[in-house]
Amino acid sequence: MLPVVALVGRPNVGKSTLFNALTRTRDALVADVPGLTRDRKYGYVRHDGRSCVVIDTGGLVESIVGGIERLMAEQTLKAVEEADRVLFVVDSRQGCTPQDLHVADLLRRSGKPVIVVANKAEGLDDDLAQAEFHRFGFGEPIAISSAHKQGLDALVERALEGLAGALDAPDVLGYTAGTIRVAVVGRPNVGKSTLINRLLGEDRLIAFDQPGTTRDTVEVPFERDGLPYVLIDTAGVRRKSRVSETVEKFSVVKTLQAIDRANVVIGVLDAHDTVAEQDASLMGLVAEQGRALVLAINKWDGIPQDQRDTIRDGLDLRFDFLRFAYVHFISARHGTGVGEMMESVLKAYRAAMKELPTKDLTRALEQALTIHQPPLVRGRRIKLRYAHQGGRNPPVVVIHGNQTQHVPDAYRRFLENHFRETFRLKGTPMRVEFRTDENPFKGRRNELTPRQVRSKKRLISRSRGGKKVGKR
């Protein structure tokens, strides 16, 4: 089992930048804003044949003024509890602060091995950058610059020194093949983090009654019925006109990237709110990306019975273009309907990854042509000859024929619905592409022999008024 290293420190000392530098990714959201990281974020570090798991954490503050700061501190302390070694990140340019002393006291009481990391030491003498941090009593500090990637090799060597399990790690780190990636998306404060916590059975993510609690995407692996999943918590997406802060713009970008990498998307809506245009736009984007979709109408337990039919009618009206999606009415807080929702997630994933044999697709195409023939184009019938699968996630059906560029959108939708019903592709969008068969003799000309050339010239000359001379 790989050893675990946690990055801990006060806000804005460069923990997320160091996390990205160590993992050689851009997974952690980085900005010059204190308290940007809130949830624990996990990554893999590999150096010189040795590996470990690294945890990025939120900044610890001395005086907790609100509920979310308390939840952030709890997440950080859980990371310290999981870790085999702690990297205590400080700012070498600002020196030792009262908040650093508070963090040092917490780490000292944890009993975990600690290495002091003096970050932002570019351009400074190492002895000068480290001098002020000997007072913590954690041994010799190490000076680095995570932004400029200076001193990282020495840091990893020291962090892994003496830790069992770091050697002989597998060549490829990450999730196993066949892992189902599920992104949970929606507007702010609809219960996305609460839903993931319910599935995990623990308070893995910060769930707080405040819009914008989640700022970065957080991937959490878990197993259900023997199948590996990765749940991706995302930041809430608001209307573009309301997004003004730079951090929120980056959060939206990370959410869109999470949708692109997912196999299945759970679109969470608040049953107490009307279905907004933003909800339809976001779910439409998921369908355009070709991702399997499950709609989860959250907070259903607090809706009076006489209002439920009204909400269902509103959903049918707004999401008429998402008829392929499963719809579940759930309560993430109490767990009502969550199990059935995950069953639909698995069905949608299997539909999106389904293999469609060419002979079965061609047979289904022939059945569709029997039911409804393509229209005439300039007096000629569009001919569709055979079909084969062109991709998965989403399923793509490629149809070959003549004049396929003139197939109307209405007939394309008819074929999509026919293939969906025939192969039971519930839960996933599908695409039908047309290709016109090329004439193999187009542009080719036969080369004439010398005898044929002479004959051709003789015929041309006769056709221009020449007389044929015969025997007398």
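Read on for an overview of the structure. (Residues numbered from 1 in each chain as written. Predicted model: local features only at pLDDT ≥ 70, side-chain atom pairs only at ≥ 80, totals over all residues. Heavy atoms only, no water.)

1. Some words on a positive patch on the surface
The line we're drawing: Patch building starts from residues that exceed 30% relative accessible area and form no salt bridge, then joins like charges within 9 Å and nonpolar side chains (Val, Leu, Ile, Met, Phe, Trp, Tyr) within 5 Å. Under the convention used here, a 1.4 Å probe and the Shrake-Rupley method define accessible areas, while residue burial counts only the protein chains that appear. Criterion for a salt bridge: a side-chain nitrogen of Lys or Arg within 4 Å of a carboxyl oxygen of Asp or Glu. When charges are counted, Lys and Arg contribute as positive and Asp and Glu as negative, whereas His and the chain ends are disregarded. A charged residue contributes its charge at one atom only: NZ of Lys, CZ of Arg, CG of Asp or CD of Glu. Under the DSSP-based scheme used, a helix requires at least four consecutive residues in state H or I and a strand at least two consecutive residues in state E, with every element numbered from the N terminus. Relative accessibility under 20% of the residue-type maximum defines a buried residue, over 50% an exposed one, and the middle range a partly exposed one, all with a 1.4 Å probe and only protein chains included.
On the surface, Arg451, Arg454, Arg458 and Arg462 cluster together into a patch of positive charge. Along the chain, Arg451 falls in helix α13 (residues 450-463). Looking at Arg451, the relative accessible area reads 65%, which means it is exposed.

2. Section: a negative patch on the surface
On the surface, Asp125, Asp126, Asp127 and Glu140 cluster together into a negatively charged patch. On the secondary structure map, Glu140 appears in the loop between α4 (126-131) and β6 (142-143).

3. A closer look at empty space enclosed by the protein
This is how it is decided: Cavity means a closed set of points on a 1 Å grid over the protein atoms alone, one where a 1.4 Å probe fits but cannot get out, pocket means an open set with protein on both sides within 12 Å along at least 5 of 7 lines, and lining means a residue has an atom within 4 Å of a point. Grid points are joined across faces, edges and corners, and a volume is the space filled by probe spheres set on the points. For this scheme, ten residues count as nonpolar: Ala, Val, Leu, Ile, Met, Phe, Trp, Tyr, Cys and Pro. Four count as charged, namely Asp, Glu, Lys and Arg, and the remainder, Gly too, count as polar.
Following the criterion strictly, the structure yields two cavities of 30 Å³ or more and no others. In this structure, the second largest cavity encloses a volume near 60 Å³. Taken together, Val5, Leu22, Val45, Cys52, Val54, Leu87, Leu155, Val156 and Ala159 make up the full set of residues lining the second largest cavity. No other element matches helix α5 (residues 152-160), which puts three residues into the lining of the second largest cavity. Looking at the lining of the second largest cavity, its residues break down into nine nonpolar, no polar and no charged.

4. Overview of the packing of aromatic side chains
Stated precisely, the cut-off is as follows: Stacked, tilted and edge-to-face pairs are distinguished by plane angle, under 30 degrees for stacked and over 60 for edge-to-face with tilted covering the rest, among Phe, Tyr and Trp rings (Trp via its six-membered ring) whose centres lie within 6.5 Å. For a ring to carry a charge above it, either NZ of a lysine or CZ of an arginine must fall within 6 Å of the ring centroid while also lying within 35 degrees of the normal to the ring plane.
For the structure shown, the criterion picks out eight aromatic pairs. Seen in terms of ring centroids, Phe88 and Phe136 are 5.1 Å apart; in terms of plane orientation they differ by 45 degrees. Their pairing is tilted. Separated by 48 residues along the polypeptide, Phe88 in strand β4 (residues 85-91) and Phe136 in the loop between α4 and β6 bring together distant segments of the chain. Across the pair, Phe136 and Phe88 agree in class, each one buried. By the ring-pair criterion, three or more aromatic residues cluster together here, those being Phe88, Phe133, Phe136 and Phe138. Across the ring face of Phe329, the terminal group of Arg312 is positioned such that the distance to the ring centre comes to 4.8 Å. The positively charged end of Lys426 is found above the aromatic ring belonging to Tyr326, 5.6 Å away from the centroid.

5. Things to note about the pairing of strand β9 (residues 227-233)
Our working definition: Between any two strands, at least two bridges found by DSSP are needed for them to pair.
With five of its seven residues buried, β9 lies for the most part within the structure. Of the pairings in the sheet, the one linking strand β7 (residues 180-186) to β9 comprises five bridges and is parallel in character. Bridging from a neighbouring strand, Ile180 pairs with Tyr229 of β9. Note: strand β8 (residues 218-224) against β9, seven bridges, orientation antiparallel. In the strand pairing of β9, Pro221 is matched with Val230. In textbook terms, the turn of a hairpin is the stretch between consecutive antiparallel strands, and for β8 and β9 this stretch comprises two residues, one of which, Asp225, has a positive phi near 55 degrees.

6. Considering the sheet that holds β4
Heads up, the rule is: Here a residue-residue contact requires only that any non-hydrogen atoms of the pair lie within 4.5 Å. Angles run from 0 to 180 degrees between N-to-C directions of axes, and those axes are lines fitted to C-alpha atoms, restricted for helices to the stretch in contact.
As summarised here, the arrangement of the six strands in space is β2-β3-β1-β4-β5-β6, forming an open sheet in which the pairing is mixed. Each edge of the open sheet carries a strand with a single partner, namely β2 (41-47) and β6. Pairing geometry for strand β1 (residues 4-8) and strand β3 (residues 50-56), over four bridges, is parallel. Bridge pairing links Leu7 to Asp56 in β3. Along the sheet, helix α1 (residues 15-23) makes contact with β1, β2, β3 and β4, crossing β2 at roughly 45 degrees. Strands β1, β4 and β5 (114-119) of the sheet are contacted by helix α3 (residues 98-110), whose axis makes an angle of about 170 degrees with β4.

7. Comments concerning the pairing of strand β17 (residues 431-436)
Put simply, the rule is: With the strands aimed away from the viewer, a crossover counts as right-handed if its path from the first strand over the helix to the second runs clockwise.
Bridge count for strand β16 (residues 396-402) against β17 is six bridges, and the pairing is parallel. Looking at β17, one finds that His400 is bridged to Arg435. With helix α12 (residues 409-423) bridging β16 and the parallel β17, this β-α-β connection has right-handed handedness.

8. Describing the nonpolar core
Here is the rule: Note on terminology: a nonpolar core comprises buried Ala, Val, Leu, Ile, Met, Phe, Trp, Tyr and Cys residues joined through side-chain atoms within 4.5 Å.
Leu195, Tyr229, Ile266, Met341 and Val345 are the most contacted members of the largest nonpolar core, which has 31 residues in total. The dominant element in this core, judged by the number of residues it contributes, is helix α10 (residues 338-352), at eight residues. Discounting chain neighbours no more than four positions away, the residues touching Val345 are Val182, Tyr229, Val264, Ile266 and Val294. Counting residues in hydrophobic clusters, the runner-up holds 29 residues, among them Val185, Ile232, Met283 and Phe319.

Read these as spatial facts, not as claims about activity.
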